[in-house]
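Reading the structure
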Amino acid sequence: MLPTLQMTSPSPQTASWSGGVSPFAVSWRKLMMWWFIVTDGLLFIGFLASYGYLRLAAGSWPQRDKIFHMEFIALMTFTLITTSATMATAVGAAQAGQRHIAKRFIWLTAIGGMAFLAMQAYEWSTLIGEGATLTSNPWGPAAFGACFFLITGFHGTHVLTGVIVLITTAIRTSKGITQAEGVEMAGLYWHFVDLVWVFVFTFFYLI
Amino acid sequence: MDYKKYWGPWISLLVLTLVMLVADRAFTGTILLTALLLAMTAKAILIAGTFMHLKWEHKGLIWTVVLGLVVVGAALFAGIAADGVRAHTMANRW
């Protein structure tokens, strides 16, 4: 016979934390995804703070409108914001049990993500063609190139990861393997990638 | 399915981005910086709040995520980025 667990009623103070319940009123998947987002967000905060240090320490910084084409960066931003809306629609459809609509919108999101990556590849190759490297660039302090490639590169890697997650989720959704919660988790990650771009766009391209 | 729920924030995000780009052409200095930081914060709140569903989550989760990122973020910026000013002054002393 299996030993029975001692079932004394826990005190109100420890009840939420003594196991078997969810103190944050979410599933373990969602909680872990949020924990991951916090730590990953701190990585980008670290990058942006270091960029702030390097830029202030350098004293002068390249004039960005001579380097970046703001219309193009605006298009990249528009693309990423739109994929966030398509992903939110996909999550809503999955939760409403409309699997085919969900699948379609996940694919749209993945295509938007790939378009963003293509534009970033074009931007990178243009700047590399003009002589920008990790250690030097024709416009000013060497730290500019390091910051640019490191920060946009890390963000781009997150977009690439997101696209892979989205394609996997789309295929698994159409097969009925991934349920609404799985779509929601992919969505949380994708919105986070969009959220990071809000800060990169502001601190790197506008300020 | 209520599409407005997802495409309403999308319009707000696009308008805010446009505001940032226009502000960039129209203003300089402190006004520009304030406008950019305000619009950026509004966009972040929109994405995390509605798209990531955070505003409907348990208060404990909201505070953990927001305080975790904002407090540590502010500390990192104050501790690392602000030190760049000192580094610049030191380097140009002689």
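Structure first, text after, so check above.
Read on for an overview of the structure. Predicted model, so just to flag it, every value in this text is computed and none were measured.

Things to note about the overall build of chain B
- Helix and strand counts for chain B come out as four helices and zero strands.
- Along the chain direction, N to C, the helices and strands of chain B fall in the order α-α-α-α.
- For 94 residues, the compact-globule formula gives about 12 Å, and the C-alpha radius of gyration of chain B, at 18 Å, lies well above that figure.
- Dimensions along the principal axes, computed over C-alpha positions, put chain B at roughly 65 × 40 × 15 Å.
- Per-residue burial over chain B gives 34% buried out of 94 residues.
- Taking as baseline every contact in chain B between residues at least 6 positions apart, the subset at least 24 positions apart corresponds to 47%.
- In the form shown here, chain B has an accessible surface area of approximately 5,700 Å², with 74% of it arising from carbon and sulfur atoms.
- Computed over 8 positive and 4 negative side-chain charges, the separation of the two mean positions in chain B equals 3 Å.

Points about the environment of Thr79 of chain A
Residue and element names in this part refer to chain A.
- The topology assignment puts Thr79 in helix 3 (residues 70-95).
- Along the primary structure Thr79 and Met114 are separated by 35 residues, whereas in three dimensions their C-alpha atoms are 10.0 Å apart.
- Those residues in contact with Thr79 that lie beyond four places of it in its chain are Gly112, Ala115, Phe116 and Met119.

Let's talk about unusual backbone geometry
Residue and element names in this part refer to chain A.
- You will see that Ala25, though not glycine, has its phi angle at about 55°, which is positive.
- Within the element layout of this structure, Ala25 appears in the loop between helix 1 (12-15) and helix 2 (28-58).
- A relative accessible area of 55% means that Ala25 is categorised as exposed.

Cut-offs applied
- Residues numbered from 1 in each chain as written.
- Chains lettered and ligands numbered in written order.
- Predicted model: local features only at pLDDT ≥ 70, side-chain atom pairs only at ≥ 80, totals over all residues.
- Heavy atoms only, no water.
- Helix = DSSP H or I, 4+ residues; strand = E, 2+ residues; numbered from the N terminus.
- Rg over C-alpha atoms; globule rule 2.2 N^0.38 Å.
- Buried < 20%, exposed > 50% of the residue type's maximum accessible area, 1.4 Å probe, protein only.
- Contact = heavy atoms within 4.5 Å.
- Areas by Shrake-Rupley, 256 points an atom, 1.4 Å probe, with all protein chains shown as cover.
- Lys, Arg positive; Asp, Glu negative; His and termini not counted.
- Charge placed at Lys NZ, Arg CZ, Asp CG, Glu CD.

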